[in-house]
Amino acid sequence: MAVHPGSLPAPAGDSARPPQWPAWYAPVAFVVAFAASLFAFVVIGAFGAALGANVDDPGPTLTVIGTVVQDVMLVVVAVFFAARVARPRLWQFGLRPARFWKTVGLSLGALFTYYAFVGIYSALVKPHGEQTVTQDLGANNGTARMVLAGILVIVIAPVAEEIFFRGFFYKALRSRFGIASAALIDGAVFGVIHYTGSGTLEILPILAALGFIFCLLYERTGTLFSTIALHAINNTIAYAASTDGATGFSIALGAVMVAACMIVPRYLGRGTPAAVPT
């Protein structure tokens, strides 16, 4: 959620108009990011094997490195494709200010809608699957790993995934599709990337719904800080619930992220146009 800098004039004319990224950029960029991440995993695995690691059952260290590389690749690929059209700017990916209280209200509404859906879906389907991210990252193997995994889950993942999936992927789709269609596609892909085995199949609709709702929120607020904040809140709750002794740390880190989403927009610079929500 971002603040509206009343003292910052928005640029006029073409400088304030977001570039139109072709719709085909979305699937192609996704494939490129996936392929680049896979290649990086192979390289990391080769180095790990050379050092004596069991690449058939990678430990937390390799998983942490691979996760960071994947998140970095998402952002790098989004920026690379955006640069084919125009020089990339932060605000073009939604990293810009918006009216504070309207953004807060819409964000709370989105959060309530999501958890209402989770409640209804859970009551009807009774999913038994769960993600194993915290175990894979070794979050329960000591304080240092708990802190590192928390930073990855609560800070890095929300920023990287929102920049790619809402700031780039969804906006590229919007050059051809309507709001609902683009949000559905984005949500479906967002859910699929969290598949880690048959045990997660039943929870993928929940994650797809989260991606869909984030698209609608971004569309209404015009700022990616709203979805980054909610993404961080959701991950904070999930991380605290699945990691031993991480409740206090998770809440503190999540609060820092939400505060950052409120404060950072004030310092983006005078050339950053404020969001114009729909």
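Provided above is the structure to which this section pertains.
Computed from a prediction, not measured in an experiment: that's the story for all the values here. (Residues numbered from 1 in each chain as written. Predicted model: local features only at pLDDT ≥ 70, side-chain atom pairs only at ≥ 80, totals over all residues. Heavy atoms only, no water.)

**Student:** Before we go on, may I ask you to explain the nonpolar core in this structure?
**Tutor:** One finds W21, F93, F164, F165, F168, F169 and Y239 to be the most contacted residues of the largest nonpolar core, which totals 54 residues. Elements that contribute at least two residues to this core include exactly α1 (25-50), α2 (60-82), α3 (100-125), α5 (143-173), α6 (179-192), α7 (204-221), α8 (224-242) and α9 (247-263). Those residues within four positions of F93 in sequence are excluded, and the remaining contacts are W21, A78, V79, A82, P88, I163, G167, F168, Y218 and L224. (Core = buried A, V, L, I, M, F, W, Y, C linked by side-chain atoms within 4.5 Å. Buried < 20%, exposed > 50% of the residue type's maximum accessible area, 1.4 Å probe, protein only. Helix = DSSP H or I, 4+ residues; strand = E, 2+ residues; numbered from the N terminus. Contact = heavy atoms within 4.5 Å.)

**Student:** Which parts of the structure should I look at to understand the pattern of salt bridges?
**Tutor:** One side chain can pair with another of opposite charge once the charged atoms of both are near each other. Under the criterion given, the structure shown has three salt bridges. Between D186 and R166 there is a salt bridge; the shortest N-O distance is 2.7 Å. In this pair, D186 is assigned in helix α6 and R166 in helix α5, connecting sequence segments 20 residues apart. One exposure class covers both D186 and R166, and it is buried. A network of salt bridges, in which partner residues are shared, links E162, R166 and D186. (Salt bridge = Lys/Arg side-chain N within 4 Å of Asp/Glu carboxyl O.)

**Student:** What exactly am I supposed to notice about the environment of A229 here?
**Tutor:** Structurally, A229 is set in helix α8. When the C-alpha positions of A229 and I154 are compared, they lie 9.7 Å apart, and in sequence the two are 75 residues distant.

**Student:** Explain unusual backbone geometry to me, please; I cannot follow it from the model alone.
**Tutor:** One non-glycine residue, K126, lies in the positive phi region at around 55°. Assignment of secondary structure puts K126 in the loop between α3 and α4 (133-136).

**Student:** Where do I start with α2 in this structure?
**Tutor:** Helical geometry: 3.6 residues make up each α-helical turn, so side chains three or four residues apart lie on a common side. Look at α2: 33 Å from first C-alpha to last across 23 residues, which is about the 33 Å you get at 1.5 Å a residue. All buried positions along α2 are accounted for by L62, T63, V64, G66, V69, D71, L74, V77, A78, F81 and A82. (Expected span 1.5 Å × (residues − 1).)

**Student:** Please explain the packing of α8 against α9 as it appears in this structure.
**Tutor:** The geometry of a pair of packed helices is captured by two quantities: the angle between their axes and the separation between those axes. Two elements in contact, α8 and α9, have axes whose closest approach is 9 Å; the angle formed by their N-to-C orientations is 180°. It follows from the interaxial angle that α8 and α9 lie roughly antiparallel. Here F225, I228, A229, A232, I233, T236, Y239 and A240 of α8 lie close against α9, whose contacting residues are T247, S250, I251, G254, M257, V258 and C261. Partitioning the contact of α8 with α9 into residue classes produces eleven nonpolar, four polar and no charged. (Axes fitted to C-alpha atoms, helices over the stretch in contact; angles between N-to-C directions. Parallel < 35°, antiparallel > 145°, perpendicular 65-115°, else oblique. Nonpolar A, V, L, I, M, F, W, Y, C, P; charged D, E, K, R; others polar.)

**Student:** Could you clarify how one ought to interpret the environment of V159 in this entry?
**Tutor:** Residue position: V159 is located in helix α5. With 84 residues separating them in the primary sequence, V159 and V75 have C-alpha atoms 9.1 Å apart. Excluding residues that lie within four positions of it along the chain, V159 makes contacts with I228 and M257.

Geometric descriptors of this kind do not, in isolation, establish any biological role.
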